[in-house]
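# Observations on the three-dimensional arrangement
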Amino acid sequence: MEQTLRIKYHTEEIEKLQYIGGKSDWIDLRVAENVSLKKGEFRLISMGISVEIPKGYEMVIAPRSSTFKNFGLLQTNSLGVIDESYCGDNDIIRMPVYATRDTEVHVNDRICQFRLFEHQPHICFEEVESLGNSDRGGFGSTGKN
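What comes next concerns the included structure. (Residues numbered from 1 in each chain as written. Predicted model: local features only at pLDDT ≥ 70, side-chain atom pairs only at ≥ 80, totals over all residues. Heavy atoms only, no water.)

### Thoughts on a nonpolar patch on the surface
Taken together, the side chains of Phe 68, Leu 74 and Tyr 98 make up a nonpolar region of the molecular surface, amounting to roughly 280 Å² of accessible area. Structurally, the position occupied by Tyr 98 is in strand β9 (residues 94-99). (Patch = residues over 30% accessible without salt bridge, like charges linked within 9 Å, V, L, I, M, F, W, Y side chains within 5 Å. Areas by Shrake-Rupley, 256 points an atom, 1.4 Å probe, with all protein chains shown as cover. Salt bridge = Lys/Arg side-chain N within 4 Å of Asp/Glu carboxyl O. Helix = DSSP H or I, 4+ residues; strand = E, 2+ residues; numbered from the N terminus.)

Below, the structure is given as structure tokens:
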């Protein structure tokens, strides 16, 4: 089902968002300012847009797979969740980053990506003595062999 994401651009310099069907459901965001960071610095980097997310959805923002390799940046909150109430003209999307080396990002660099997810359904919790299933080996056990 197609959804509409209303966007306010705060600069004419960044390329407009586009959905590329058949490649990935994730949509790249572009840096809206030139930024120089020294190793160990923190910064909120502007993506130059504000959005109105469709009711019943939230936006999840994560670094692109090449962000650390190309820029030495880590997203400090691992991934960002933007709910539908963050929808004002001045609620500009920013990526919180920590520089692991001296680095620069420039207008239109792609350092993060997003996708929309439906809100989680209401969950009821049922306490049990046993789940009644076989064990897989515990957290972190996959990929050993």
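Next comes the rest of the description.
### With respect to the pattern of salt bridges
Under the defined criterion, the tally for this structure stands at 6 salt bridges. Measuring nitrogen to oxygen at the nearest pair gives 3.2 Å for the salt bridge that ties Glu 52 to Arg 6. With Glu 52 in strand β5 (residues 49-52) and Arg 6 in strand β1 (residues 6-9), the pair connects residues that are 46 residues apart, well separated along the chain. Classification of Arg 6 as exposed rests on a relative accessible area of 55%. With a closest N to O distance of 3.3 Å, Glu 33 and Arg 43 form a salt bridge. Here Glu 33, found in the loop between β2 (27-30) and β3 (35-37), pairs with Arg 43, found in strand β4 (residues 42-46); they are 10 residues apart in sequence, far enough to count as distant. Three or more residues joined by partner-sharing salt bridges are found here, namely Asp 28, Arg 64 and Arg 110. (Buried < 20%, exposed > 50% of the residue type's maximum accessible area, 1.4 Å probe, protein only.)

### What to know about the sheet that holds β4
Within the open sheet, the 3 strands sit side by side as β4-β9-β7. Their pairing is antiparallel. Edge positions in the sheet fall to β4 and β7 (73-75), since each has one partner strand and no second. On average, each strand axis in the sheet is tilted by 40° relative to the strand beside it, whichever way the strands run. When β7 meets β9, the two strands line up antiparallel, connected through 3 bridges. (Pairing = 2+ DSSP bridges. Axes fitted to C-alpha atoms, helices over the stretch in contact; angles between N-to-C directions.)

Everything listed here is a matter of coordinates, which is why it stays silent on function.
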